[in-house]
Amino acid sequence: MNKFEPKIIGFLCNWCSYEGADTCGRSRKEYPSNIRVVRVMCSGRVDPQFVLEAFHKGADGVLILGCHPGDCHYKEGNINAMKRFALMKNMLRQFGIEDERVRLEWVSASEGERFAQIVSEMVEKVRILGPIPGKIRNDN
Amino acid sequence: MTTKPKIALYWCSGCGGCEESVIDMAEDILKIADAADIVFWPVALDFKYEDVEKMADGEIAATLINGAIRLDNQEHEAKLLRRKSRFIIAHGSCAHLGGVVGLANFSAKKEIFKRVYREVPSVLNTQGILPESLTLESGKEMELPAFHDTVKALNQVIEVDYYIPGCPPVPDQIRDAVLAVVKGDPPPDGHVFADTKALCNTCSRNASKPDKLQIKEFRRLYDSEWDPEKCFLPQGIICLGLATRGGCGERCIKANMPCRGCFGPPGNVVDQGAKFLSAIASLMEPYESSEIERLAASIPDPAGLFYRHSLASSIMRGRISE
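Source: prediction; values computed, not measured. Residue numbers run consecutively from 1 along every chain, following the written order of its sequence. Lettering for chains starts from A, numbering for ligands starts from 1, and both go in the order in which the items are written. Local features in this predicted model are restricted to residues of pLDDT 70 or higher, and side-chain atom pairs are both shown and tallied only at a pLDDT of 80 or more, whereas totals for entire chains, interfaces and linings draw on every residue.

Peer 1: Any chance you could explain the overall build of chain A here in plain terms?
Peer 2: Put simply, DSSP marks the helices as runs of H or I at least four residues long and the strands as runs of E at least two long, and each gets a number from the N terminus on. Helix and strand content of chain A: four helices and four strands. Here chain A has a C-alpha radius of gyration of 15 Å; the compact-globule value for 140 residues is 14 Å, and the two agree. Residues are called buried when their C-beta atom has 20 or more other C-beta atoms within 10 Å, exposed when it has 12 or fewer, and partly exposed otherwise; all C-beta atoms are positioned from the backbone. Across the 140 residues in chain A, those meeting the buried criterion constitute 51%. As defined in this context, the radius of gyration uses C-alpha atoms, and a globule is described by 2.2 Å times the residue total to the power 0.38.

Written as structure tokens, this is what we have:
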């Protein structure tokens, strides 16, 4: 039997979290290769359409990382992300997508260790959940 | 004698309101009758499916199909009419986007049958019989159209040329669409007979919207009263005009009811529900995460509210199925 390897799509903000991931790499810390990173200018730029599209195209989990509250390059983009995320989580539950498959966290440019830890946790949680139960309805 | 172009109308999974909207054209229907012959319209005229089958391919100038596709006979008729028609016009929200009937995609076929034929209090079905597409009764075979797993918008089954949005559609737009198409002046492919921008752009209450719109509490329609002159959103009433195509003539707003999105997404939006979610969430006032979560949780059915008319044509198309 093939071991299930979750596919996690990560949306990382350009100013803090993407730098945080770089810090993680530069300091030779290890994190699972299950995450596919998409760099966005701000966590507030993550349109709920991106998240739905990720699940529709076969992601098992979606991780959104932004600057800590108060540190946003655009002042309150991350607060907007937090508002959307709260409502989106409730909505995704109605689509049959469990809470553990979506996560919003704050990672600063210096928090390489924290980045590795969040990614590892997320991958392990989704690994336990397994693939999305059933299939997303498609055109046919 | 010159022959007039032919048009047809067909009804799939819908409530019949779209058929009503044709009747609501009132005397304008005479303008349609002057410009075209109606050759097939099951709800009003006695033509048979065989009559359509006998027509040459492309013989009908335009066919208006209302309702979503749920049963296999609907898919069959839609494909037949596609062959026989030069233009197919999706008529109303259900054909355009899946409509309210598309909300059934939150449930599996199995659950729907169990609920409708066994559990509904007004149903007495002691043997627990469920509809089958083929039944044997006294040695005779009886057929019912098969029930698909998923509700589909018309363009998920056949190619659609134009769309008349709305639940129900606006009679003037039906008239203009039919006349434009049969008089040899068809718009570009995929045209939606309404505005391109969101309803808020033309809303009569737009002027009363504050510069910075912030919502402290969401209020429900059944336990609230609101100012009939002012924008709904600062009053805590969720109005979905901000990501809904305009052109409806503000029928709901003028009746002091908030928009529920029946005209579908504006021109540049793929997933209307996701855009509603995005817009409404960012109007929430709190900054603190527990307050944000409390306010978000006060919307009891976000998926049903945001995808009321567009679930079947959204990115997810419905709840993930087994």
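On we go.
Peer 1: Got a minute to help me understand the sheet that holds strand S3 (residues 60–66) of chain B in this structure?
Peer 2: Hydrogen bonding along the main chain pairs the strands of a sheet, whether they run parallel or antiparallel. Residue and element names in this part refer to chain B. One open sheet holds the five strands; their spatial order is S2-S1-S3-S5-S9, and the pairing between them is parallel. Bordering the open sheet on either side are strand S2 (37–40) and strand S9 (162–164), each of which pairs with just one other strand. Ignoring strand direction, the axes of neighbouring strands in this sheet form an average angle of 30°. Between any two strands, pairing holds if DSSP finds at least two bridges. Pairing of strand S1 (residues 6–11) with S2 involves three bridges; the strand directions are parallel. Lines fitted to the C-alpha atoms define the axes, with helices restricted to the stretch that makes contact. Angles between their N-to-C directions range from 0 to 180 degrees.

Peer 1: Got a minute to help me understand the interface of chain B and chain A in this structure?
Peer 2: A common way to report how large an interface is uses the accessible area buried once the components associate. The partner chain A presents 26 residues to the 30 residues of chain B that form the contact. The set of elements that each furnish at least two residues to the side of chain B that touches chain A consists of helix H9 (272–282), helix H10 (289–297) and helix H11 (302–306) of chain B. Charged residues are taken to be Asp, Glu, Lys and Arg, nonpolar residues to be Ala, Val, Leu, Ile, Met, Phe, Trp, Tyr, Cys and Pro, and polar residues to be all remaining types, Gly included. Residue composition of the side of chain B that touches chain A, grouped by class: 17 nonpolar, eight polar and five charged. Any residue pair is listed as a contact if its two C-beta atoms, each placed from the backbone, are within 7 Å.

Peer 1: Can you walk me through unusual backbone geometry in this structure?
Peer 2: Outside of glycine, negative phi angles account for most residues, and trans bonds account for most peptide bonds. In the segment running from B:Cys167 into B:Pro168, the intervening peptide bond is cis, with an omega of -5°. Within the secondary structure, B:Pro168 is located in the loop between S9 and helix H7 (171–182). Its identity as a non-glycine residue notwithstanding, A:Lys75 has a phi of 75°, on the positive side. For B:Ser138, which is not glycine, the phi torsion reads 45° and is therefore positive. Following the sequence through the fold, B:Ser138 ends up in the loop between strand S6 (134–137) and strand S7 (140–143).

Peer 1: So what exactly am I meant to see when it comes to the packing of helix H2 (residues 48–56) of chain A against H9(B) here?
Peer 2: When two helices pack together, you describe them by how their axes are tilted relative to each other and by the distance separating the axes. Running from N to C, H2(A) and H9(B) point in directions that differ by 140°, and their axes come no closer than 8 Å. Taken together, H2(A) and H9(B) sit at an angle that is classed as oblique. Every residue of H9(B) that contacts H2(A) at A:Pro48, A:Gln49 and A:Leu52 is listed here: B:Ala274, B:Leu277 and B:Ser278. Counted by class, the contact of H2(A) with H9(B) contains four nonpolar, two polar and no charged residues. Orientation labels follow simple angle bins: below 35 degrees gives roughly parallel, above 145 gives roughly antiparallel, 65 to 115 gives roughly perpendicular, and whatever is left gives oblique.

Peer 1: I keep staring at the sheet that holds strand S4 (residues 102–106) of chain A and nothing clicks. Help me out?
Peer 2: Residue and element names in this part refer to chain A. Strand order in the open sheet formed by four strands is S2-S1-S3-S4, with parallel pairing between adjacent strands. Taken across any chain shown, the strands that pair with only one partner, and hence form the sheet edges, are strand S2 (35–40) and S4. Each neighbouring strand pair of the sheet contributes to a mean axis angle of 20°, computed without reference to strand direction. When strand S1 (residues 8–13) meets S2, the two strands line up parallel, connected through six bridges. Its bridge partner being in S2, Cys13 is matched across the sheet by Val40. In the packing of helix H3 (residues 77–94) onto the sheet, contacts are made with strand S3 (61–66) and S4, and the angle to S4 comes to roughly 160°.

Peer 1: Please clarify how the packing of H3(A) against H10(B) should be interpreted in this entry.
Peer 2: Here H3(A) crosses H10(B) at 40°, and the two axes come no closer than 9 Å. When the axis of H3(A) is compared with that of H10(B), the two are oblique. In terms of crossing hand, the pair formed by H3(A) and H10(B) is right-handed. Counting all contacts with H3(A), which are made through A:Met82, A:Lys83, A:Ala86, A:Leu87 and A:Asn90, the residues of H10(B) involved are B:Ser289, B:Ile292, B:Glu293, B:Ala296 and B:Ala297. For the contact of H3(A) with H10(B), the residue count by class is six nonpolar, two polar and two charged. Each helix crossing is assigned a hand: it is left-handed if the near helix lies turned anticlockwise from the far helix by less than a right angle, otherwise right-handed if that turn is clockwise.

Peer 1: Help me understand the pairing of S7(B) in this model?
Peer 2: Residues in a regular strand project their side chains so that they alternate between the two faces of the sheet. Residue and element names in this part refer to chain B. Where S6 meets S7, four bridges bridge the pair, whose relative direction is antiparallel. For Leu134, the partnering residue across the bridge sits in S7 and is Glu143. In this antiparallel pair of consecutive strands, S6 and S7, the connection spans two residues, and Ser138 shows a positive phi of 45°.

Peer 1: Before we go on, may I ask you to explain the environment of B:Thr244 in this structure?
Peer 2: Residue and element names in this part refer to chain B. As for its placement among the helices and strands, Thr244 is situated in the loop between H7 and helix H8 (251–254). Sequence-wise, Thr244 and Phe40 are 204 residues apart; in three dimensions their C-alpha atoms are separated by 32 Å. Apart from the residues within four sequence positions on either side, Thr244 is in contact with Ala198, Leu199, Cys259, Gly261 and Phe263.

Peer 1: Sorry if this is basic, but what is going on with the environment of B:Tyr49 here?
Peer 2: Residues and elements named next belong to chain B. Looking at the element boundaries, Tyr49 is found in helix H3 (residues 49–54). Residue class for Tyr49 comes out partly exposed when judged on the 13 C-beta atoms lying within 10 Å of it. Between the C-alpha atoms of Tyr49 and Leu81, which are 32 residues apart in sequence, the distance is 9.9 Å.

Peer 1: Got a minute to help me understand H3(A) in this structure?
Peer 2: Since the α-helix packs 3.6 residues into each turn, any two residues three or four apart lie on the same face. All names here are of chain A. In this model, H3 (18 residues) spans 26 Å end to end at C-alpha, consistent with the 26 Å of a helix rising 1.5 Å per residue. Buried residues dominate H3, accounting for 15 of its 18 residues. Gly96 sits one or two residues past H3 and shows a positive phi near 95°. Given a helix with a known number of residues, its expected span is that number minus one, times 1.5 Å.

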